[in-house]
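Working through the structure, step by step
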Number of protein chains: 2
Amino acid sequence: MTERLIQSVERAADILELFVATYPELSIKEISDHLGLSKSTVHGIIKTLEHRGYLQQNSDNQKYRLGVKLFELGNFVGKHLDIGNIARPIIRKLVEELNETVHLTVFERDEVIYIEKLEGSRALTIYSHIGKRAPIYCTGVGKAILAHQSEAEVDRLLLKSDLKPFTDFTLTNIEDIKNHLATVRGQGYAVDDEEIELGLKCIAAPIFNHQGKVVSSISCAAPKMRLDEEKLPKVITGIKAAAAEISRQLGYKDTH
Amino acid sequence: MTERLIQSVERAADILELFVATYPELSIKEISDHLGLSKSTVHGIIKTLEHRGYLQQNSDNQKYRLGVKLFELGNFVGKHLDIGNIARPIIRKLVEELNETVHLTVFERDEVIYIEKLEGSRALTIYSHIGKRAPIYCTGVGKAILAHQSEAEVDRLLLKSDLKPFTDFTLTNIEDIKNHLATVRGQGYAVDDEEIELGLKCIAAPIFNHQGKVVSSISCAAPKMRLDEEKLPKVITGIKAAAAEISRQLGYKDTH
DNA sequence: TCCAATCGTTCGACATTATCGAATGCCGTT
DNA sequence: AACGGCATTCGATAATGTCGAACGATTGGA
């Protein structure tokens, strides 16, 4: 790992981030003191950043603040770096690998919603479609998300749900579900074994965003008979790896 | 103007902006071709930017895209660089200079809304308050904004208004108003001469954002008698200069 | 009104550091 | 297996960023 980083670019980044870390308005002196650089060094970088719109100088006090160019770039990122675009190629690869249907969901306004579905080339496929809601307590994608919420949040969400039994295997007791979530959290993936539909089995993993919050999940859904002793470990490994990669690209820093 | 800009910082900016200008996903080769730099130079800068989260590398094709750090910074800018914060110190200075009330408005959802009011130390002050709506066709702040909308937009807005006469001086005929707006546009400021309230006179100027659109305006409002031959030019100059400075800080590039 | 202090800005000299081109290594394709 | 394309690494060079000092502008206090 003999990375050769560009000093002045790093310093420019240091300066930009200093505004977020300390105060939205800083003078050259303050910056050079914070970073331990000479005033003239800071001045050169600052003037370059100002010239490009990354900083702007206040006219009365001569201090600097972050410029609208960053706002522009940030918006661009927001549009093009959304989870769907990040996840799609990763999911596509996973589908090729497993040749099974893979779903992507997001958790928004207390609901788990399918936002992407990619199918393998099997005859027997899973019924589901983009935009549909998934129950949170008895699906892989729902449980993967639920397992990483605070206990208060879990209680709130479960109390809000009707906990209707879809099959004989559906867990409908809050304590049972909460115990099960601990297992999910521990192993890093969730299993739905015919809990919502007989014959259907899902393996799902949570996706973490740059704040470390779980905001979405992916799952592989297949007829239970196809997920045999040989295939199941592959699915688990694949789903977990894909979820981790999406998380990473979303800016999640895994700190274990 | 012997500015001494830092080359590698400029090149880093070039790279970031290239993603917006061309395509949200670029390879090192594509970047070096576009910018006429060697691959290794680009590689060094890219790795630095990636290291800091300003870029991230896609795992399957090895291309790069803008990173979430920019999203973060952009959001921060959005919060702290909003028009109110930019305008406040500039308005404050103007109030000291003129010792008259100055308003700041934004144009949103077809309405002109006061979002800031700073008063001079006079006994006779103007009634108005933050959050209040201003009619668009017969106030300085409204006309300053209206004068810089497209003709279709002006028609739409005026047809939507009831064009109620507040005083004998209120213009209520669409053609009259549109002719008047041409004057406003030409002189760079709008006058409201007792059009909404007898005895009240306002001088207002438009504020341009970084896209060159007029999204807000400021005005100086005072009893008509106080804006005499001596003071009026000062007010006009002051309001125009303040509006120009706010526009500049919002990222507006005046290209005349 | 003047002086002192503070900070932004400019300047010049130095060596650190970024740069380039060439070499290497890693896929994917034929 | 060999080729092509690309990312990556390496090493030598001088261009470039860095620092300290000097300058200038502004502010506050005596």
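So, how was this worked out
- Residues numbered from 1 in each chain as written.
- Chains lettered and ligands numbered in written order.
- Predicted model: local features only at pLDDT ≥ 70, side-chain atom pairs only at ≥ 80, totals over all residues.
- Heavy atoms only, no water.
- UniProt positions renumbered as here; feature names shortened; annotations may be inferred.
- Disulfide = S-S within 2.5 Å.
- Buried < 20%, exposed > 50% of the residue type's maximum accessible area, 1.4 Å probe, protein only.
- Least-squares fit on C-alpha atoms with pLDDT ≥ 70 in both.
- Contact = heavy atoms within 4.5 Å.
- Helix = DSSP H or I, 4+ residues; strand = E, 2+ residues; numbered from the N terminus.

- The name given to chain A in an unreviewed UniProt entry is Glycerol operon regulatory protein, with Neobacillus novalis as the source organism.
- Per its UniProt entry, chain A bears the Function (unreviewed entry) comment "May be an activator protein for the gylABX operon."

1. Here we look at the state of the cysteines
Residues and elements named next belong to chain B.
- Within the structure shown, the criterion is met by 0 disulfides over all chains.
- Cys 202 supplies the cysteine sulfur nearest to Cys 220, a cysteine that is in no disulfide, at a spacing of 7.8 Å.
- By relative accessible area, Cys 220 is classed as buried at 0%.

2. Some thoughts on the relation of the copies chain A and chain B
- Note on the identical chains: chain A maps onto chain B by a rotation of 180° and an axial translation of 0.1 Å, with an RMSD of 0.1 Å. Given the turn and translation reported, the copies of this chain are related as if by a two-fold rotation axis. No C-alpha of chain A lies nearer the rotation axis than that of Gly 74 of chain A, which sits 2.1 Å from it.
- Both copies share a contact surface, since 100% of the interface residues of chain A are interface residues in chain B too.

3. Quick look at unusual backbone geometry
All names here are of chain B.
- A positive phi angle is found at Asn 99, which is not glycine, with a value near 55°.
- Along the polypeptide, Asn 99 turns up in the loop between helix H5 (83–98) and strand S3 (101–108).
- Asn 99 sits in the partly exposed class, given a relative accessible area of 24%.
- For Glu 194, which is not glycine, the phi torsion reads 60° and is therefore positive.
- Mapped onto the elements, Glu 194 comes out in the loop between strand S6 (190–193) and strand S7 (200–208).
- With a relative accessible area of 13%, Glu 194 lands in the buried category.

4. Examining the environment of Phe 208 of chain B
All names here are of chain B.
- By the element assignment, Phe 208 lies in strand S7.
- For Phe 208, a relative accessible area of 17% translates into the label buried.
- For the pair Phe 208 and Gly 251, spaced 43 residues apart in sequence, the C-alpha to C-alpha distance is 8.6 Å.
- Other than its neighbours up to four places away in sequence, Phe 208 contacts His 148, Lys 213, Val 214, Ser 247, Leu 250 and Tyr 252.

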